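Chain residues, written in single-letter form:
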Amino acid sequence: MKIPVIEGMIDRRILANFRVDPEAMARVLPAPFRPQLIHGYAIGGVCLIRLTNVRPRCAPFSWGIRSENAAHRFAVEWEADGQTHQGVYVNRRDTDSCLNALAGGRIFPGTHHHARFTVEETDDCFSVEMQARDGQARMQVTGSVADDLPASSIFASVQEASDFFEQGALGYSASNRAGHFDGLELSCRDWKAEPLQVDSITSSFFDDPTRFPPGTVEFDCALLMRGIPHEWHSRQDLCCPETLPA
């Protein structure tokens, strides 16, 4: 799915991350993806992102779209053209924008589901909740700006965590076609992330014991990004004739 370059502003992005048993993660990933490991763990998470002034880069106007968006995402690897690639797999995207929900999977990569967002935030404190209107997904994160990652995090430093997620700019999203994944790459002109101390977090996906039995998933850390100019670039889609149930 080819689209023109889309530009805008990441007004606020929360990346809340879980460390996951690799075998448990592998069971919920469709082919051709497998877990990307760091320090022996797979990494999954929820992304709660507010985008502003989003528009085609070639647009003759200066205004753009504002939207709250959410995604369940996983750090993955896959083989293509004889090489190992790394990025993220997004199994579900939700948005409060009717336009995004209508265009997603049709004229914009990745199927988007319509959702309701409840947001309360100050300069240092954040509370974001998402409820999908089809009842199939929900997530919530509450936290405040911190100086460092939790002591229990598998990442040795904020820089290591930031570098890991910056390298996962290429993403593939589930589409309406079995075995077909829409490609999209995020390009940030000034990647900058700071730690977020999470007070509470829920996710209908990661909290589901049928997907992740007790002991196979734990909250690890969260990062916050604010005021980041960015672009979205379409990338070649992935097609795989055999998929595993997600």
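Just above, that's the structure.
Quick caveat, the model's predicted, so the values are computed rather than measured.

1. Some thoughts on the overall build of the chain
Line of reasoning, step 1. Broken down by element type, the chain carries three helices and 13 strands.
Line of reasoning, step 2. Against the 2.2 N^0.38 benchmark of 18 Å for 246 residues, the chain shows a C-alpha radius of gyration of 17 Å, consistent with a compact globule.
Line of reasoning, step 3. Referenced to the eigenvectors of the C-alpha coordinate spread, the extents of the chain come out at roughly 50 × 45 × 35 Å.
Line of reasoning, step 4. By the burial criterion, 53% of the 246 residues in the chain qualify as buried.
Line of reasoning, step 5. By sequence separation, contacts in the chain at least 24 residues apart represent 70% of the contacts at least 6 residues apart.
Line of reasoning, step 6. Looking at the chain, you have 23 positive and 33 negative side-chain charges, and the mean spots of the two groups are 7 Å apart.

2. With respect to the layout of surface pockets
Gaps left between atoms show up when a probe the size of a water molecule is rolled over them.
Line of reasoning, step 1. Its volume calculated, the second largest pocket comes out at about 280 Å³.
Line of reasoning, step 2. Here the element with the most residues in the lining of the second largest pocket is strand E6 (residues 83-95); it accounts for four residues.
Line of reasoning, step 3. Looking at the lining of the second largest pocket, its residues break down into five nonpolar, eight polar and three charged.

3. Focus: the side chain of Glu77
Line of reasoning, step 1. With respect to the helices and strands, Glu77 occurs in strand E5 (residues 65-80).
Line of reasoning, step 2. Look at Glu77 and you get buried, because its relative accessible area is 16%.
Line of reasoning, step 3. Looking at Glu77, its side chain comes within polar contact range of the side chain of Gln86, at 3.0 Å.
Line of reasoning, step 4. Once you skip the residues sitting within four places of it in the chain, Glu77 turns out to touch Pro32, Phe33, Arg34, Pro35, Gln36, Thr84, His85 and Gln86.

4. Re the environment of Ser175
Line of reasoning, step 1. Position of Ser175 among the secondary structure elements: in the loop between strand E10 (170-174) and strand E11 (180-188).
Line of reasoning, step 2. In sequence terms Ser175 and Asn91 are 84 residues apart; their C-alpha atoms lie 8.8 Å from each other.

5. Quick word on the nonpolar core
Line of reasoning, step 1. Ranked by internal contacts, the top residues of the largest apolar core, which has 39 residues, are Leu48 and Met130.
Line of reasoning, step 2. No other element matches the five residues that E5 contributes to this core.
Line of reasoning, step 3. Residue contacts for Met130: discarding those within four places in its chain leaves Leu48, Ala70, Asp94, Ala115, Arg116, Phe117, Ala137, Arg138 and Met139.
Line of reasoning, step 4. Counting residues in hydrophobic clusters, the runner-up holds 31 residues, among them Ala75, Phe165, Cys188 and Trp191.

6. A few points about the pairing of E6
Line of reasoning, step 1. Inspection of the sheet shows E5 paired to E6 by 12 bridges, in the antiparallel sense. Each residue of the ladder has a partner; that of Ala71, found in E6, is Arg93.
Line of reasoning, step 2. Taking the residues between adjacent antiparallel strands as the criterion, E5 and E6 are bridged by two residues, where Asp81 takes a positive phi near 55°.
Line of reasoning, step 3. Examined bridge by bridge, E6 and E10 share three bridges and lie parallel to one another. Note on E10: the bridge partner recorded for Val88 is Gly171.
Line of reasoning, step 4. As paired strands, E6 and strand E7 (residues 112-121) are joined by three bridges and run parallel to one another. Looking at E7, one finds that Arg93 is bridged to His112.

7. Remarks on the packing of aromatic side chains
Line of reasoning, step 1. Tallied over the full model, the rule gives 17 aromatic pairs.
Line of reasoning, step 2. Here the aromatic rings of Phe18 and Phe206 are separated by 4.6 Å at their centres, their planes lie at 20°, and the arrangement is stacked. Taken as a pair, Phe18 in strand E1 (residues 6-20) and Phe206 in the loop between strand E12 (194-203) and strand E13 (217-239) lie far apart in primary sequence, 188 residues in all. Each member of the pair Phe18 and Phe206 is classed as buried.
Line of reasoning, step 3. Between Trp78 and Tyr172, the aromatic rings sit 5.3 Å apart at their centres with planes inclined by 85°, giving edge-to-face as the arrangement.

8. Quick word on the pattern of salt bridges
Line of reasoning, step 1. Inspection of every chain in the model, using the stated rule, returns 18 salt bridges.
Line of reasoning, step 2. Across the pair Arg235 and Glu185 runs a salt bridge, and its minimum N-O distance is 2.7 Å. With a gap of 50 residues between them, Arg235 in strand E13 and Glu185 in strand E11 connect regions that are remote in the sequence.
Line of reasoning, step 3. Look at Arg235 and you get partly exposed, because its relative accessible area is 33%.
Line of reasoning, step 4. Here the salt bridges do not stand alone but share partners, grouping Glu7, Arg55, Arg57, Arg189 and Glu231 into one network.

How each quantity is defined
Residues numbered from 1 in each chain as written. Predicted model: local features only at pLDDT ≥ 70, side-chain atom pairs only at ≥ 80, totals over all residues. Heavy atoms only, no water. Helix = DSSP H or I, 4+ residues; strand = E, 2+ residues; numbered from the N terminus. Rg over C-alpha atoms; globule rule 2.2 N^0.38 Å. Buried < 20%, exposed > 50% of the residue type's maximum accessible area, 1.4 Å probe, protein only. Contact = heavy atoms within 4.5 Å. Lys, Arg positive; Asp, Glu negative; His and termini not counted. Charge placed at Lys NZ, Arg CZ, Asp CG, Glu CD. 1 Å grid on protein atoms, 1.4 Å probe; cavity = no way out; pocket = protein on both sides within 12 Å on 5 of 7 lines; lining within 4 Å. Points joined across faces, edges and corners; volume = space filled by probe spheres on them. Nonpolar A, V, L, I, M, F, W, Y, C, P; charged D, E, K, R; others polar. Polar contact = N/O pair within 3.5 Å; in protein donor to acceptor, adjacent residues only side chain to side chain. Core = buried A, V, L, I, M, F, W, Y, C linked by side-chain atoms within 4.5 Å. Pairing = 2+ DSSP bridges. Phe/Tyr/Trp six-rings, centres within 6.5 Å; stacked < 30°, edge-to-face > 60°. Salt bridge = Lys/Arg side-chain N within 4 Å of Asp/Glu carboxyl O.

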